[in-house]
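These are the residues of each chain, in order.
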Amino acid sequence: DPLLKFLWTTPENVAFAKEYLIVILIGFVVMTMVFAWMYIFVDDNNPNLVMVGTVVAAVVNVIIDLVGLNVFHFGIWVAAFGTVFGNFVALVIFFFHFKKKDTLCRFVKPTNSGIKAGEILKPGFPLALTYILAILQMFIQNFVLSDEGGTSGLGDSAVMDNLVVFLAIFILGQCESIMPIASAYFGEKNTSCQLLAKRMLFRIGLIVIPIILILLAIFPEAFMRVFSVTDERMLETLPFAIRIMCIS
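Reading the values: the criteria
- Residues numbered from 1 in each chain as written.
- Predicted model: local features only at pLDDT ≥ 70, side-chain atom pairs only at ≥ 80, totals over all residues.
- Heavy atoms only, no water.
- Helix = DSSP H or I, 4+ residues; strand = E, 2+ residues; numbered from the N terminus.
- Buried < 20%, exposed > 50% of the residue type's maximum accessible area, 1.4 Å probe, protein only.
- Contact = heavy atoms within 4.5 Å.
- Areas by Shrake-Rupley, 256 points an atom, 1.4 Å probe, with all protein chains shown as cover.
- Expected span 1.5 Å × (residues − 1).
- Bend = angle between axes of the 7 residues up to and from the residue.
- Core = buried A, V, L, I, M, F, W, Y, C linked by side-chain atoms within 4.5 Å.
- Axes fitted to C-alpha atoms, helices over the stretch in contact; angles between N-to-C directions.
- Parallel < 35°, antiparallel > 145°, perpendicular 65-115°, else oblique.
- Left-handed = near helix turned anticlockwise from the far one by under 90°.
- Nonpolar A, V, L, I, M, F, W, Y, C, P; charged D, E, K, R; others polar.
- pLDDT = per-residue confidence, 0-100.

Colleague: Tell me what's going on with the overall build of the protein, and back it up with residues and numbers.
Modeller: Of regular secondary structure, the protein possesses 11 helices and zero strands. Along the protein, helices (α) and strands (β) appear in the sequence α-α-α-α-α-α-α-α-α-α-α when read from the amino end. By the burial criterion, 34% of the 248 residues in the protein qualify as buried. Restricting the contact set of the protein to residue pairs at least 6 apart, pairs at least 24 apart contribute 73%. Looking at the protein as shown, the accessible area adds up to about 16000 Å², and 72% of this sits on carbon and sulfur atoms.

As structure tokens, then:
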């Protein structure tokens, strides 16, 4: 309850948010391990396993959501359960990484004492700070819009999504920091897999994202239709909010 109050959950939405939050927090350890291992295993030359694990997790999540919500008409908790259980399946798949003979990921006590902690943490500090500032911005935005949530273009229904985004940004920030730590510990300068993937995504993004944003700015109602927006106030304010976000 204190956490939901801190996230400015409205009285109308608190029951749904609490139902969702409890399940997410129960599976938080599993979700943390999956997020972290995705980065570590790709860095450890096993991107195919990470791809399989994440794809299977997404499929499991979608199936549970569709069946649980549309067929059995369970509560919102089933959406959270789908996320957690999907991550659990991915975690089981990820354990196959430790069968590799050449893996650098081992459950052993570190013995390399020649590197100072500051030298290890320094490369990851800028990215970690970036994610912390993003979290701070989100909290301030929620506070400002707490009384007039409908005008934000998201509304009270975004509280649960905000929670997941908060957890994802926080975990992602820690994972990004892990990369230079692992690289420095083994005396490596790993600039291949992660940076190459980000370069490719950046190039693709420069082509694809502007097209999507232009279409959204011209036809914001199409985006709203996908998410079944029915609230009258949202129908009035959301198109303008979507256009502002697209331009930004």
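Colleague: Tell me about helix α11 (residues 232-247), residues and numbers included.
Modeller: For α11, spanning 16 residues, the distance from its first C-alpha to its last is 24 Å, which sits close to the expected 22 Å at 1.5 Å a residue. A maximum bend of about 40° is found in α11 at L238, where proline P239 lies one to four positions downstream. Listing the buried residues of α11 in full gives M234, L238, P239, A241, I242 and C246.

Colleague: Go over the nonpolar core, please, and point to the residues and values.
Modeller: Counting 18 residues, the largest nonpolar core has V34, W37, F41, V50, L91 and F94 as the members making the most contacts within it. Of all the secondary-structure elements, those providing two or more residues to this core are α3 (28-43), α4 (47-71) and α5 (77-94). Apart from residues lying up to four places away in sequence, W37 is in contact with L91, F94, F95 and F98. Residues Y20, V23, I24 and M31 belong to the second largest nonpolar core, which totals seven residues.

Colleague: Go over the packing of helix α2 (residues 14-26) against α5 with me, naming the residues and quoting the values.
Modeller: Packed helices, taken two at a time, are described by the angle their axes make and the gap between the axes. Axis separation between α2 and α5 bottoms out at 8 Å; the angle between their running directions is 20°. Here α2 is positioned roughly parallel relative to α5, judged by the angle of their axes. In terms of crossing hand, the pair formed by α2 and α5 is right-handed. Along its contact with α2, which presents E19, Y20, V23 and I24, the element α5 presents W77, A79, A80, F81, T83 and V84. Looking at the contact of α2 with α5 residue by residue, the classes come out as eight nonpolar, one polar and one charged.

Colleague: Please provide a residue-by-residue account of the packing of α3 against α5, values included.
Modeller: Running from N to C, α3 and α5 cross one another at 45°; their axes reach a closest spacing of 9 Å. Between α3 and α5, the interaxial angle falls into the category oblique. The handedness of the crossing between α3 and α5 comes out as left-handed. Contacts between α3 and α5 involve V30, M31, M33, V34, W37, M38 and F41 from the former and T83, V84, N87, F88, A90, L91 and F94 from the latter.

Colleague: Lay out the confidence of the model for the protein with the relevant residues and their values.
Modeller: In this model, the protein carries an average pLDDT of 77, and 71% of its residues clear a pLDDT of 70 or more. Put simply, helix α8 (residues 159-185) is where the protein has its lowest mean pLDDT, 57, and α5 is where it has its highest, 96. In this model, residues 149-157 is a region of pLDDT below 50 whose contacts with residues beyond four sequence positions or in other chains number 17 contacts.

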